[in-house]
Amino acid sequence: MTAIPAAARAYILGVILCAAVAAAPVAVPGAVVPWPTVLLLAALYAGCEMPARRRDGDDSAPVGAGTFFPVLLAAAFLLPPAAAALVPVPGALLGRVDGPPAGVRRTWRAARLALATWSAAHAYLLFGGERTPRAPDFPYALLPALAGALACCLVVTLLDGGIRATAVTVPPPRSARWGRVVPPAVRRGLSGSAAPHCVHGLAGLMMAVLWGSSYGPLSALFVLLPMYISCWIFAQYHRERAAHQATIRALVQAVDIKDRYTRGHSERVGRASVLIARELHMEEERLEIVRFAGILHDVGKLGVPTRVLRKEGPLTPEERRVIELHPEYGHEMVRGIGFLGEARAAILHHHERMDGSGYPYGLVGHQIPEFARVVAVADAFDAMTSTRCYRRARPVAVALRELERCAGTQFDPRMVRALVRALERHGWQTSVTSDEAAVPVGPPGPPRSPGTGASHQIRTG
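Fair warning: this is a prediction, and the values are worked out from it, not measured in the lab.

A few points about helix α18 (residues 413–426)
Note: α-helices contain 3.6 residues per turn, so residues at a spacing of three or four share the same orientation. Across its 14 residues, α18 extends 20 Å between first and last C-alpha, which sits within 8% of the 20 Å expected from 1.5 Å per residue. What α18 keeps buried is the set Met415, Val416, Ala418, Leu419, Val420, Ala422 and Leu423. The distance from a side-chain oxygen at the start of α18 to the backbone nitrogen of Arg414 is 2.9 Å, and the residue carrying that oxygen is Asp412. The positive-phi residue at the C-terminal boundary of α18 is Gly427, with phi of around 70 degrees.

Written out as structure tokens, the structure reads:
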């Protein structure tokens with residue numbers, strides 16, 4: 001555990017201790033524990049976890065690791081809380097983990113799932129649930145089952161949030177306060193997983209009913225069949241998404257190798273584009289596409305001569321015309337990549353201007369695609385706050401003032417305002433973009449030096 005921060009080590013040990021205390025009653029002399037049911041459910045969950053990740057070459061597709069929560073929730077509905085806490089332990093300890101330290105990750109996962117199952121069992125009992133629920137109990141058994149599923153969801157979300165908070169060594173932005181940061185994160189986690197957990201709770205209730213029926217435990221396996229099919233579909237989706245990410249990484253790496261002075265620029269433009277899009281309340285599915293647009297906006301530089309990209313000094317009119325071709329080059333390169341969607345238009349039009357003086361087509365105002373207007377602001381902002389071969393980075397406040405000055409002529413004022421609001425909340429930090437040291441920047445503050453116009457950032461990419 002030497003690579004894990006001290007706060008995270010203490011947090012993990014605390015969770016493990018709590019899980020041990022939760023399961024301790026099974027070791028009390030005279031405790032009545034239905035060991036056959038515990039062992040069968042534990043073996044079933046472990047069997048589900050074994051193919052949790054399949055590898056095809058270099059790709060990995062997660063299949064389980066929580067996908068089979070119905071087994072754990074069935075345990076919560078069939079067993080005493082302490083006994084239910086034991087069910088996920090073997091599968092969690094034997095399942096595949098994503099990276100080192102493997103032992104700590106497996107132990108953490110076992111403790112996390114043990115506490116979640118224990119909490120689900122207590123919530124189920126609290127709302128009037130009965131051990132070995134029967135079919136005549138419907139629909140009354142639904143309330144305690146859903147309560148157990150939501151309790152499981154809440155505990156998993158809180159524990160995951162805690163490990164993220166203690167394992168991240170970078171401090172939160174100065175403009176943020178824990179009271180403002182943590183609750184939204186928890187709300188997002190609950191909103192994203194509450195509905196799936198409720199579905200798993202219903203499946204777990206069906207397993208529990210069949211488990212105690214005259215058909216016996218074997219009949220409960222039929223409930224897992226649709227779950228396993230959904231796992232297979234999710235695995236296919238993950239493989240396709242991994243292929244998309246690999247395509248994006250390869251293109252960005254090619255640009256970074258060719259233009260070493262803007263290394264990291266594409267990733268930061270993608271991050272800034274997502275910040276703007278979130279402020280505009282874009283749908284979640286569009287956030288990934290706008291991130292792709294920001295990351296790939298400069299892919300057309302692969303068609304620009306390297307001597308022009310790396311020139312240290314003013315560009316000649318001919319060199320400027322060559323660089324101005326890169327949006328069209330980029331659009332041609334990604335034309336056949338279907339999953340990019342709106343990002344393709346952003347790659348083509350991110351150098352258009354609101355007053356119509358941009359390139360390549362001189363579009364005016366809202367003729368410019370929305371994603372292109374987002375990326376244009378993100379691109380200019382990162383260019384001004386990053387060190388380049390031909391000038392040093394500017395402070396965030398200076399860059400924002402320049403964006404505001406050019407709003408309405410070069411940039412969409414709505415996008416500029418969204419970026420200002422996002423940086424007030426989250427701050428900004430660049431990474432090394434040349435041989436210079438990294439330039440740390442925080443939330444906007446008083447201007448420290450004048451800057452040249454964003455309209456002159458012809459080499460922002």
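Picking up where we left off.
A word on the environment of Val334
Mapped onto the elements, Val334 comes out in helix α14 (residues 326–334). For Val334, a relative accessible area of 0% corresponds to the buried category. Separated by 13 residues in sequence, Val334 and Ile347 place their C-alpha atoms 8.8 Å apart. Here Val334 is in contact with Val299, Leu340, Arg344 and Ile347, once residues within four sequence places are set aside.

Considerations on the confidence of the model for the chain
Low pLDDT means the predicted coordinates in that region are not meant to be read closely. For the chain, the mean per-residue pLDDT works out to 80, and 79% of the residues sit at or above 70. Highest mean pLDDT in the chain belongs to helix α4 (residues 81–84) (95); lowest belongs to strand β2 (residues 59–62) (41). Across residues 53–66 the pLDDT falls below 50, and counting only partners more than four positions away or on other chains, this stretch makes 33 contacts in the model. Of the regions scoring below 50 in pLDDT, residues 170–183 engages in 15 contacts with residues more than four places distant in sequence or in other chains.

A closer look at the pattern of salt bridges
Scanning the entire structure with this criterion turns up 15 salt bridges. Arg321 is the partner of Glu318 in a salt bridge, and the nearest nitrogen-oxygen pair spans 2.7 Å. Here Glu318 and its partner Arg321 are both found in helix α13 (residues 317–323), three residues apart, which amounts to about one turn of the helix. When its relative accessible area of 46% is taken as the criterion, Glu318 is described as partly exposed. Arg373 serves as the salt-bridge partner of Asp412, at 2.6 Å between the closest nitrogen and oxygen. With Asp412 in the loop between α17 (396–406) and α18 and Arg373 in helix α16 (residues 370–384), this pair connects stretches of sequence that are 39 residues apart. Note on accessibility: Asp412 and Arg373 belong to one class, buried. Here the residues in one salt-bridge network are Arg286, Glu342, Glu370 and Arg414, joined through shared partners.

Focus: the packing of α16 against α17
It is the contact of α16 with α17, at a shortest axis distance of 9 Å, that shows an interaxial angle of 140 degrees. When you trace α16 past α17, the crossing you get is right-handed. Contacts between α16 and α17 involve Val377, Ala380, Phe381 and Met384 from the first element and Val396, Ala399, Leu400, Glu402 and Leu403 from the second.

Notes on the packing of helix α10 (residues 265–279) against helix α11 (residues 284–296)
Put simply, α10 and α11 touch, their axes get as near as 7 Å, and they point 150 degrees apart. Relative to α11, the crossing made by α10 is right-handed. Residues Ser266, Glu267, Val269, Gly270, Ser273, Val274, Ala277 and Arg278 of α10 pack against Glu284, Leu287, Val290, Arg291, Gly294 and Ile295 of α11. In the contact of α10 with α11, the residues fall into six nonpolar, four polar and four charged.

Thoughts on the packing of aromatic side chains
Under the defined criterion, the tally for this structure stands at four aromatic pairs. With 5.8 Å between their ring centres and 45 degrees between their planes, Tyr11 and Trp108 make a pair best called tilted. Within this pair, whereas Tyr11 is found in helix α1 (residues 6–23), its partner Trp108 is found in helix α6 (residues 102–126), the two being separated by 97 residues in sequence. Given a relative accessible area of 12%, Trp108 falls into the buried group. Between Phe381 and Trp428 the ring centres are 5.4 Å apart and the planes differ by 70 degrees, which places this aromatic pair in the edge-to-face class. Here Trp428 lies in the segment after α18 and Phe381 lies in helix α16, a separation of 47 residues in the sequence. For the pair Phe381 and Trp428, a shared accessibility class is recorded, and that class is buried. Taking NZ or CZ as reference, Arg271 lies 4.3 Å from the ring centre of Trp428, over its face.

Quick word on unusual backbone geometry
Residue Tyr359 is joined to Pro360 through a cis peptide bond whose omega torsion reads 15 degrees. Phi is positive for His281, which is not a glycine, with a value near 60 degrees. The topology assignment puts His281 in the loop between α10 and α11. In this structure His281 comes out as exposed when scored by relative accessible area, which is 69%.

A short note on α17
In terms of burial, α17 is a largely internal element, eight of the eleven residues being buried. Those residues of α17 that sit buried are Val396, Ala397, Val398, Ala399, Leu400, Glu402, Leu403 and Cys406. Those residues of α17 that are buried lie in contact with α16 and α18. Just past α17, the residue Gly408 takes up positive phi, approximately 95 degrees.

Observations regarding the side chain of Glu319
Along the chain, Glu319 falls in helix α13. Judged by its relative accessible area of 13%, Glu319 falls in the buried class. Filtering out sequence-adjacent residues up to four positions away, Glu319 remains in contact with Arg307, Val308, Lys311 and Pro314.

Observations concerning the nonpolar core
The biggest cluster of nonpolar side chains holds 59 residues, and the ones touching the most others in it are Leu41, Val71, Phe77, Leu79 and Met207. Among the elements of the structure, α1, α2 (35–49), α3 (69–78), α4, α6, α7 (142–167), α8 (178–211) and α9 (217–258) are those that each provide at least two residues to this core. When residues of this core are assigned to their parent elements, the largest contribution, eleven residues, is made by α6. Setting aside residues no more than four positions away along its own chain, Leu41 makes contact with Val71, Ala75, Leu78, Leu79, Val87 and Trp211. Counting 52 residues, the second-largest nonpolar core is a separate cluster that includes Ala277, Leu340, Val374 and Trp428.

Parameters and conventions
- Residues numbered from 1 in each chain as written.
- Predicted model: local features only at pLDDT ≥ 70, side-chain atom pairs only at ≥ 80, totals over all residues.
- Heavy atoms only, no water.
- Helix = DSSP H or I, 4+ residues; strand = E, 2+ residues; numbered from the N terminus.
- Expected span 1.5 Å × (residues − 1).
- Buried < 20%, exposed > 50% of the residue type's maximum accessible area, 1.4 Å probe, protein only.
- Polar contact = N/O pair within 3.5 Å; in protein donor to acceptor, adjacent residues only side chain to side chain.
- Contact = heavy atoms within 4.5 Å.
- pLDDT = per-residue confidence, 0-100.
- Salt bridge = Lys/Arg side-chain N within 4 Å of Asp/Glu carboxyl O.
- Axes fitted to C-alpha atoms, helices over the stretch in contact; angles between N-to-C directions.
- Left-handed = near helix turned anticlockwise from the far one by under 90°.
- Nonpolar A, V, L, I, M, F, W, Y, C, P; charged D, E, K, R; others polar.
- Phe/Tyr/Trp six-rings, centres within 6.5 Å; stacked < 30°, edge-to-face > 60°.
- Lys NZ or Arg CZ within 6 Å of the ring centre and 35° of its normal.
- Core = buried A, V, L, I, M, F, W, Y, C linked by side-chain atoms within 4.5 Å.

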